[in-house]
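Geometric and topological summary
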Amino acid sequence: MKSLIDRYLDRVLIYANKPDSEAEALRQELKDHLLQKVDDLITDGVPREEATLEALRQHGSPKMIGYKLRDPFPWIDVRSHGTARGVIAIGPRAVGIFACGGVAIGVVAFGGAAVGLFSAGGLAVGLLAAWAGLGLGGIVNAGLAVGIVATGGLAIGLVALGGLAIGAWVPSFWSGGEVHRYYTPENVPPFLKSLEPLLNGCTYFDRHVFTFFLPMYLLVIFSLGYVRYREMRRVSVEDDWLIDG
Amino acid sequence: MKLSKKTLDGNMDTLLLAVLSDGPSYGYQMVQDLNAKAPGVLKTGEGTIYPVLHRLEERELIQSTWRAGETGRQRRYYRITAKGKKALADNRLQWAALQKVMTTVLGDRSTPGSFQPTTRHGVFS
């Protein structure tokens, strides 16, 4: 049967997620620390069992230490708790080039709340593009869309198109829904007219959302969710550590 | 006065470099040294020094070697490198400058208990 110290170190290494060669050296280093601590406490008159528990308590939470031992910005960082940071980051909070999480911040961000150059999610802020229930950004396609170019159920933007479209300019070819526009076709500034082609992308998006974009989005979300689920399974092995809080 | 985790996190590498500037050491001994000089500084856990040590080693500010300790167990010893000494010297200068600025701006009020409330016209009475 494994000792308490070994069980503790197993937990640290699960969270640290290091290759085997590094993990072994790390285990040896931490174990030396803990055994030395136990020896010193015993010398001070503490019974062995209490000394072991006290050494582990003073060493700190395996989760905290393990996560801190991870590389600062790896290719893939998947976490069951806290903030994942990596080129591909998946976790409750995620920061990365591709970020997926409850709250995601990245160049490409997916999540309940997503912020990025390109973002998609329940609430998405995309500096260039956003696709969301509620979206804000440059080019936005959303239930409620607010952006420079906005399309959606309710679209508010410099150029807007939607069930209810409120904008400085709503293209004259748009005949669906209710329209509130500031400029008329006669006095619309050329730069607003020049934004119109961007709407083609949005309307293309709208037309193909159920045939292509939505399945792809769901595929990405489920794939990332599965990776996260596997990570949660990995860290929640049967040996739940008693001071893992 | 308790130091916040945030304050400590940003300065743990300087503390560890300072400990290693006294000579090669290993994790447990460094913890003992730190606790002797500043009790409670590792309140969040003694194990938290290892991520810092490993990052310092990645940045080549310290080097490590394995050799048998007095218990016979293999032990990882760290020593500061020339680059680490330079970084420590820079950090010391930064700290001295920051301390001077803070003392100048905060004055005596930075010391708990010495704060004396004043009005626009002088000492509050």
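Located above this text is the structure these notes cover.
Residues numbered from 1 in each chain as written. Chains lettered and ligands numbered in written order. Predicted model: local features only at pLDDT ≥ 70, side-chain atom pairs only at ≥ 80, totals over all residues. Heavy atoms only, no water.

Looking only at helices and strands, chain A features 5 helices and 3 strands. When the helices and strands of chain A are placed in sequence order, the string is α-α-α-α-β-β-β-α. Here the C-alpha radius of gyration of chain A, 26 Å, is well above what a compact globule of 245 residues would show, namely 18 Å. Considering chain A as a whole, with its 245 residues, one finds that 45% of them fall into the buried category. Excluding contacts between residues fewer than 6 apart, the proportion of contacts in chain A whose partners are at least 24 apart in sequence is 28%. For chain A, the exposed area adds up to about 12,400 Å²; of that, 66% sits on carbon and sulfur atoms. Charge-centre separation for chain A: the mean point of 22 positive side chains lies 5 Å from the mean point of 24 negative side chains. (Helix = DSSP H or I, 4+ residues; strand = E, 2+ residues; numbered from the N terminus. Rg over C-alpha atoms; globule rule 2.2 N^0.38 Å. Buried < 20%, exposed > 50% of the residue type's maximum accessible area, 1.4 Å probe, protein only. Contact = heavy atoms within 4.5 Å. Areas by Shrake-Rupley, 256 points an atom, 1.4 Å probe, with all protein chains shown as cover. Lys, Arg positive; Asp, Glu negative; His and termini not counted. Charge placed at Lys NZ, Arg CZ, Asp CG, Glu CD.)

Sheet strands associate in pairs through backbone hydrogen bonding, adopting either a parallel or an antiparallel arrangement. All names here are of chain B. Across the sheet, which stays open at both edges, the 3 strands sit in the order 1-3-2 with antiparallel pairing between neighbours. Of all the strands in the sheet, the pair left with one neighbour each is strand 1 (25-26) and strand 2 (62-68). Lying on the sheet, helix 2 (residues 12-20) is in contact with strand 1, strand 2 and strand 3 (74-80); it crosses strand 3 at an angle near 95°. (Pairing = 2+ DSSP bridges. Axes fitted to C-alpha atoms, helices over the stretch in contact; angles between N-to-C directions.)

So, about the pairing of strand 3 of chain B. Residues and elements named next belong to chain B. Across the 7 residues that make up strand 3, a large majority, 5, are buried. Of the strand pairs in this sheet, strand 1 and strand 3 are connected by 2 bridges, and their pairing is antiparallel. Across the sheet, residue Y26 finds its bridge partner in strand 3, namely Y77. The pairing of strand 2 with strand 3 spans 7 bridges and is classified as antiparallel. If you follow I62 over to strand 3, its bridge partner there is I80. Where strand 2 folds back onto strand 3 in an antiparallel hairpin, the turn is made up of 5 residues, including G72, whose phi is positive at roughly 95°.

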